[in-house]
Amino acid sequence: MHLLVLSRNASLYSTSRLVLAARARDHHVVVADPLDIHIVISRGRPAMFLGDRLLPPVDLVVPRIGASITNYGLAVVRQFDMMGVPVLNNAIAIARSRDKLRAMQLLTKKDIDVPRTVCARTPDSVDAALAFIGGTPAIVKLQQGAQGIGTMIAETPQAVTSLLETLWAMGQDIILQEYIAESKGRDYRAIVVGGRVIAAMRRQAKKGEFRSNLHRGGLGVRVELPKRYRHAAVGAVKVMGLEVAGVDMLEGRDGPKILEINSSPGLEGIERTSGLDVAGAIIAHAERFLARRKRRRPHRERDSVVEAEQRATRLRHG
């Protein structure tokens, strides 16, 4: 298999682990920065260039699209998809998961629980929004963000108003979310690959920090996820349409609450905490994914971009 990994940096832990895992299974791997790929849009002759050279044929693309290059990164992924190159996470699914408000709308449509969330747009609506989520402390989030970036806690209504007014003035789209006090700075991170949880850990935020991300000093411990949490994680990833994802869940009084779904989950923390070969599991699933695509009969092959858009429409209205 000729595999292309889209990543800004080949030396990043997650990227290098995927490369090593693929080469260990005798696959040929190329890592390319999405920003170095030039998209050629032409009637009947779409193409991709890496620098000044035509990108060589690949069998499968594994996207690792960071939040800072979401728009162009998704355009690159979409171009591969439209050219008929299998992509492990397609552009529509990545975009769906990265937009926090849209993701939560789709999850609740499928009866998957999330923290109470409200989108406020004017200062006059703040009091009503806070009443809906149970008052302060409250979580203030940028609608686009990852790894805890753009996630803040406001302890008083005045702090909420001040934060929102500042962020609105900067042109940011904001959501307010209830603070799940019973989670006590803990959450679960599950890695879902091919419709099953392959690794999980419980993360505990360091003292004085409410975000449990390991790169912010949180402590991770390997766990066997309770059945309800496994079902919630797998169900959430299915709603997004992702093949590979990290799912963060809070422990609510009445069960799991989906906090975030990451289409390019970091592998370092989960591999070191769990002791499991997560990169190897992703590559093994990539092999199965590609084999399924090849087994499709030609006359039943459909435009996967159109197909994904139709699925998104059914999720919104069905």
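Right above here is the structure, for reference.
Residues numbered from 1 in each chain as written. Predicted model: local features only at pLDDT ≥ 70, side-chain atom pairs only at ≥ 80, totals over all residues. Heavy atoms only, no water.

*Asks:* Quick rundown of the overall build of the protein chain? Include the residues and the values.
*Replies:* Scanning the protein chain from N- to C-terminus turns up ten helices and 15 strands. The long-range fraction of contacts in the protein chain, counting pairs at least 24 apart against all pairs at least 6 apart in sequence, stands at 67%. Looking at the protein chain as shown, the accessible area adds up to about 15,700 Å², and 51% of this sits on carbon and sulfur atoms. (Helix = DSSP H or I, 4+ residues; strand = E, 2+ residues; numbered from the N terminus. Contact = heavy atoms within 4.5 Å. Areas by Shrake-Rupley, 256 points an atom, 1.4 Å probe, with all protein chains shown as cover.)

*Asks:* Outline the sheet that holds strand S6 (residues 60-63), supporting the account with residue identities and numerical values.
*Replies:* Read across the sheet, three strands follow the order S2-S1-S6 without closing on themselves; strand pairing throughout is parallel. The sheet terminates laterally at strand S2 (28-32) and S6, the two strands that pair on one side only. This sheet shows a mean twist of 20° between the axes of neighbouring strands, independent of strand direction. Where helix H1 (residues 13-24) meets the sheet, it contacts strand S1 (2-6), S2 and S6, and its direction lies at approximately 160° from that of S2. (Pairing = 2+ DSSP bridges. Axes fitted to C-alpha atoms, helices over the stretch in contact; angles between N-to-C directions.)

*Asks:* With reference to specific residues and values, describe the side chain of Asp248.
*Replies:* Topologically, Asp248 is positioned in strand S14 (residues 244-252). Looking at Asp248, its side chain comes within polar contact range of the side chain of Arg203, at 3.2 Å. Apart from residues no more than four positions distant in its own chain, Asp248 is found in contact with Asp187, Tyr188, Arg189, Arg203, Lys257, Ile258, Leu259 and Glu260. (Polar contact = N/O pair within 3.5 Å; in protein donor to acceptor, adjacent residues only side chain to side chain.)

*Asks:* Summarise the pairing of strand S12 (residues 196-204); cite the residues concerned and give the values.
*Replies:* Summarising the sheet, strand S11 (residues 186-193) and S12 pair through eight bridges and their orientation is antiparallel. Paired with Tyr188 across the strands is Arg202, a residue of S12. As judged from the four bridges shared by S12 and strand S13 (residues 219-222), these two strands associate in the antiparallel manner. Bridge assignment links Arg202 to a residue of S13, and that residue is Val221.

*Asks:* Before we move on, can you summarise the environment of Phe289 with the specific residues and values?
*Replies:* Assignment of secondary structure puts Phe289 in helix H9 (residues 278-295). When its relative accessible area of 11% is taken as the criterion, Phe289 is described as buried. Phe289 sits 95 residues away from Gly194 along the chain, and the two C-alpha atoms are 8.4 Å apart. Those residues in contact with Phe289, other than ones at most four positions away along the chain, are Leu60, Pro86, Val87, Leu88 and Glu243. (Buried < 20%, exposed > 50% of the residue type's maximum accessible area, 1.4 Å probe, protein only.)

*Asks:* Quick rundown of the sheet that holds S14? Include the residues and the values.
*Replies:* Across the sheet, five strands lie side by side as S13-S12-S11-S14-S15; this open sheet has antiparallel pairing. Looking along the sheet, the strands with just one partner apiece sit at the ends: S13 and strand S15 (255-262). On average, each strand axis in the sheet is tilted by 30° relative to the strand beside it, whichever way the strands run.

*Asks:* Can you lay out the packing of helix H3 (residues 91-98) against helix H4 (residues 100-109) for me, pointing to particular residues and giving the numbers?
*Replies:* Contact pair H3 / H4: the axes reach a minimum separation of 5 Å and the direction vectors enclose 95°. With respect to their mutual orientation, H3 and H4 come out roughly perpendicular. Of the residues in H4, those in contact with Arg96, Ser97 and Arg98 of H3 are Lys100, Arg102, Ala103 and Leu106. (Parallel < 35°, antiparallel > 145°, perpendicular 65-115°, else oblique.)

*Asks:* How would you summarise helix H6 (residues 157-169) if you had to cite specific residues and measurements?
*Replies:* Taking 1.5 Å of rise per residue, 13 residues should cover 18 Å, and H6 covers 18 Å from first to last C-alpha, within 8% of that figure. Along H6, the positions that sit buried rather than exposed are Val160, Leu164, Leu167 and Trp168. Across the axial projection of H6, the buried residues extend over an arc of 100°, all falling on one side. Exposed positions of H6 whose direction lies more than 90 degrees from the buried face are Gln158 and Ala169. Along its buried surface, H6 packs onto helix H5 (126-133), strand S8 (138-142), strand S9 (151-154) and strand S10 (174-178). Positive phi shows up at Gly171, right after H6, with a value of about 80°. (Expected span 1.5 Å × (residues − 1). Arc of directions from axis to C-beta.)

*Asks:* If you had to explain a positive patch on the surface to someone new, which residues and values would you point to?
*Replies:* Where like charges cluster on the molecular surface, the positive patch consists of Arg196, Arg288, Arg292 and Arg295. With three residues, the single largest contributor to the positive patch is H9. Looking at where Arg292 falls in the secondary structure, it is placed in helix H9. (Patch = residues over 30% accessible without salt bridge, like charges linked within 9 Å, V, L, I, M, F, W, Y side chains within 5 Å. Salt bridge = Lys/Arg side-chain N within 4 Å of Asp/Glu carboxyl O. Lys, Arg positive; Asp, Glu negative; His and termini not counted. Charge placed at Lys NZ, Arg CZ, Asp CG, Glu CD.)

*Asks:* Please give an account of the pairing of S1 that cites residues and values.
*Replies:* Two faces belong to every sheet, and in a regular strand the side chains alternate between them. Taking burial as the measure, the five residues of S1 include four buried ones, the bulk of the element. Here S1 pairs with S2 via five bridges, running parallel. Across the sheet, residue Leu6 finds its bridge partner in S2, namely Ala32. You can see the chain leave S1, run along H1 and come back into S2, and the turn it takes is right-handed. When S1 meets S6, the two strands line up parallel, connected through four bridges. By the bridge assignment, Val5 is partnered in S6 with Val62. (Right-handed = clockwise from strand over helix to strand, strands pointing away.)

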